[in-house]
Amino acid sequence: MDAFACDDWLTIEDGWPDNNVSFRLLLEREYGLLPSSRVNEIERFAIEAAEMRDGAVELIRYCVDRSISIEIVSGGLTNYISPILKHFDLPEIPISSLSADFSQGKNAVVTYPEGVVVCEGSGACKCARVRLHQCA
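Sequence positions are assigned chain by chain, starting from 1 and proceeding in written order. A pLDDT threshold of at least 70 governs which residues receive local features in this predicted model, and a stricter bar of 80 or more applies before side-chain atom pairs are shown or counted, although totals over entire chains, interfaces and linings include all residues. Side-chain figures throughout are based on the complete set of non-hydrogen atoms in the structure, without hydrogens or water.

Draft legend 1. Structural context of the pattern of salt bridges. For salt bridges, the criterion is a side-chain nitrogen of Lys or Arg within 4 Å of an Asp or Glu carboxyl oxygen. Throughout the structure, instances matching the rule amount to three salt bridges. Between Arg38 and Glu41 there is a salt bridge whose closest N-O contact spans 3.1 Å. When the shortest N-O distance is used, the salt bridge between Glu71 and Arg129 registers 2.6 Å. Separated by 58 residues along the polypeptide, Glu71 in the loop between α3 (56-65) and β1 (72-77) and Arg129 in helix α5 (residues 126-134) bring together distant segments of the chain. Numbering of helices and strands runs from the N terminus; a helix is a DSSP stretch of H or I covering at least four residues, while a strand is a stretch of E covering at least two.

Draft legend 2. Spatial organisation of the side chain of Ser99. Mapped onto the secondary structure, Ser99 falls in strand β2 (residues 95-101). Two N or O atoms count as a polar contact when they lie within 3.5 Å, although within protein this holds only if one can serve as hydrogen donor and the other as acceptor, and sequence-adjacent residues are included solely when both atoms are side-chain atoms. A polar contact is formed between the side chain of Ser99 and the side chain of Asn79, at a distance of 3.2 Å. Every residue pair with non-hydrogen atoms within 4.5 Å of one another is taken to be in contact. When residues no more than four places from it in sequence are discounted, the contact partners of Ser99 are Leu77, Thr78, Asn79, Val109, Val110, Thr111 and Pro113.

Draft legend 3. Summary view of the pairing of β2. Accessible area is worked out with a 1.4 Å probe on protein chains only. A residue is then buried under 20% of its type maximum, exposed over 50%, and partly exposed in between. A large share of β2 lies buried, amounting to five of its seven residues. Summarising the sheet, β1 and β2 pair through four bridges and their orientation is parallel. Across the sheet, residue Ile72 finds its bridge partner in β2, namely Ile95. Note on handedness: a clockwise path from strand one over the helix to strand two, with the strands aimed away from the viewer, defines a right-handed crossover. Between the parallel pair β1 and β2, the chain is carried across by helix α4 (residues 78-87), and the sense of this crossover is right-handed. At least two DSSP bridges between two strands are required for those strands to pair. Relative to strand β3 (residues 109-111), β2 is paired through three bridges, and the arrangement is antiparallel.

Draft legend 4. View of the nonpolar core. Only buried residues count toward a nonpolar core, which is a set of Ala, Val, Leu, Ile, Met, Phe, Trp, Tyr and Cys residues joined through side-chain atoms within 4.5 Å. Of all hydrophobic cores here, the largest spans 14 residues; its most connected members are Tyr31, Leu34, Leu77, Leu98 and Phe102. Taken together, the elements giving at least two residues each to this core come down to α1 (23-31) and β2. With sequence-adjacent residues up to four places away left out, Leu77 is seen in contact with Tyr31, Leu34, Ser97, Leu98, Ser99 and Ala100. Counting eight residues, the second-largest nonpolar core is a separate cluster that includes Ile70, Ile81, Leu90 and Ile93.

Draft legend 5. Layout of the side chain of Ser36. If you trace the backbone, Ser36 turns up in the loop between α1 and α2 (39-49). Beyond its immediate chain neighbours, meaning those up to four positions away, Ser36 contacts Phe102, Gly105, Lys106, Asn107 and Ala108.

Draft legend 6. A look at the packing of α2 against α4. Where helices are involved, their axes are fitted lines through C-alpha atoms of the stretch in contact, as for all axes, and angles between N-to-C directions lie from 0 to 180°. Relative orientation of the contacting elements α2 and α4 amounts to 45°, with a least axis distance of 9 Å. Between α2 and α4, the angle is such that the two are oblique. In the crossing of α2 with α4, the sense of the turn from one axis to the other is right-handed. Judged by residue contacts, Glu43, Ala46 and Ile47 of α2 engage Asn79, Tyr80, Pro83, Ile84 and His87 from α4. For this classification, the nonpolar set comprises Ala, Val, Leu, Ile, Met, Phe, Trp, Tyr, Cys and Pro, the charged set comprises Asp, Glu, Lys and Arg, and every other residue, Gly included, is treated as polar. Here the contact of α2 with α4 is composed, by residue class, of five nonpolar, two polar and one charged. Here the word oblique covers every angle except those under 35 degrees (roughly parallel), over 145 (roughly antiparallel) and from 65 to 115 (roughly perpendicular). Definitions for this section: a left-handed crossing has its near helix turned counterclockwise from the far helix by less than a right angle. A right-handed crossing has that turn clockwise.

This is how it looks when you write it as structure tokens:
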């Protein structure tokens, strides 16, 4: 957000969480400040700046190699999560997160891809993904 949104993007967070704005709305407003004209730069920046947590790459490979179900569930954007996984030479795994449509106008429009349970409080519902896998 610091690199691509307008300078006053932090004002969206003013008073949060005490201002009765949900995390979902906060994310949608913030991501909505990303300029559509810079979509390629945003992806490149994400790849160059990405750092994986210690053990994350090994965990993903371990699970995939053993057919253990693994999924990324995030409040981030699939638009940069997928390229980061490719950058780290990781196999495709399911991602449950928000997405940004950069084709609808001047700025990104947050979307919820098929299968993503929308949570009024947090956007992409992480609890729903856990429940789905508990029952499987």
